[in-house]
Amino acid sequence: MRQLLTEKQYILHRESDNGVSQWHFSRNQLYGLLGVTTLVLGAFLFISADYISKFLYDQRLQDFKMNYRTVSQNLELIQSRLSELDKQIIEIEQKDRAVRTYAGMPEVDKDIRKLGIGGTTLGKSVILDNLAPVVNREISMLQLNIEKLSRQVNFELASYESIYKKVKSDIDRIRHIPSIRPVEGGFLNSGFGYRRDPIDGVRRFHQGQDITVAKGTPIYAPANGMVKRAYYIGGFGNHIKLEHDHGYVTVFAHLSKISVRHGQKFKRGDLIGYTGNTGRSTAPHLHYEVHYYGTPKNPMDYFFTDA
């Protein structure tokens, strides 16, 4: 008796109001269906993963660009602030020279100042792996500027410390150094140095500073001292000569009124007279001179504060 071998069948049964539906699958057909399903599902997952990866990459790239813009803007703001501080350092250096003159101390030599500040070599690398090269360069330059500024500040602090010690030990001499404008406001006209005389046109050395102000403007003593002269004389007209000790002498010319007398002592800021147009003068103004041990000096170098 021949035995018939039949292949095992798998039946998918479905019932509905319209009747009964059946699908017959052999083992090979079922394996094939599972294989196709797996292949389709794998392809879907692969495509989905690629899309998700690209989406996450784009999102991270956008975040990086936004962070980069933020970092760049902050670096620009810091650099701008450092530029402002550089300008302030320059002003501090100028004031340092003025205060040193006021304290009778020599100016700091430019070469010594450079040595005190030092170079601009970056000692330690600040390169970060997670930042773009351009950002690293900006950060490196920023660090250089900060280090330079820090050295400048420390140098100026040391300079001011030496000035403070000098001033503290020599306060009496400082009281006799001309240090304020003798009149308030006004226009700085003919300055210290050679000029063409406004009356005869001859080129001569002008030993003082002319300040154009209205007639009758109060004149104040620029430092402590004693009145050496106070009367009318030739081209100066009504004039005052003050002796401040420690080698300083000041002269005021073309006054309309003199308010002090010979031998009178005074302090910085005391009223000594009023501006005018007397003597060899073409218009109301104050002619102001500063002498140090007989040598005329530029009065502008002694305008440290307002009257």
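A brief look at the structure comes next. Note that the structure is a prediction, hence the values are computed from the model and not measured.

Our next topic: the packing of aromatic side chains. Here the structure, examined in full by the defined rule, presents 6 aromatic pairs. Ring centres of Y248 and Y292 lie 4.5 Å apart, and the angle between their planes is 40 degrees; this geometry places the pair in the tilted category. Taken together, the positions of Y248 in strand β10 (residues 248-258) and Y292 in strand β13 (residues 286-292) put the pair 44 residues apart, joining distant regions of the chain. By relative accessible area, which is 30% here, Y292 ends up partly exposed. Pairwise contacts between aromatic rings join Y248, Y292, Y293 and Y302 into one cluster.

This paragraph deals with the nonpolar core. Of all hydrophobic cores here, the largest spans 20 residues; its most connected members are I219, I240, L242, F252, I272 and L286. Sorting the residues of this core by element identifies β9 (237-243), β10 and β13 as the ones contributing at least two each. Beyond its immediate sequence surroundings of up to four residues, I240 is in contact with R229, A230, T250, V251, F252, L255, I258, V260 and I272. Listed in part, the 5 residues of the second largest apolar core include L75, I89, L142 and L149.

Criteria and thresholds
- Residues numbered from 1 in each chain as written.
- Predicted model: local features only at pLDDT ≥ 70, side-chain atom pairs only at ≥ 80, totals over all residues.
- Heavy atoms only, no water.
- Phe/Tyr/Trp six-rings, centres within 6.5 Å; stacked < 30°, edge-to-face > 60°.
- Helix = DSSP H or I, 4+ residues; strand = E, 2+ residues; numbered from the N terminus.
- Buried < 20%, exposed > 50% of the residue type's maximum accessible area, 1.4 Å probe, protein only.
- Core = buried A, V, L, I, M, F, W, Y, C linked by side-chain atoms within 4.5 Å.
- Contact = heavy atoms within 4.5 Å.

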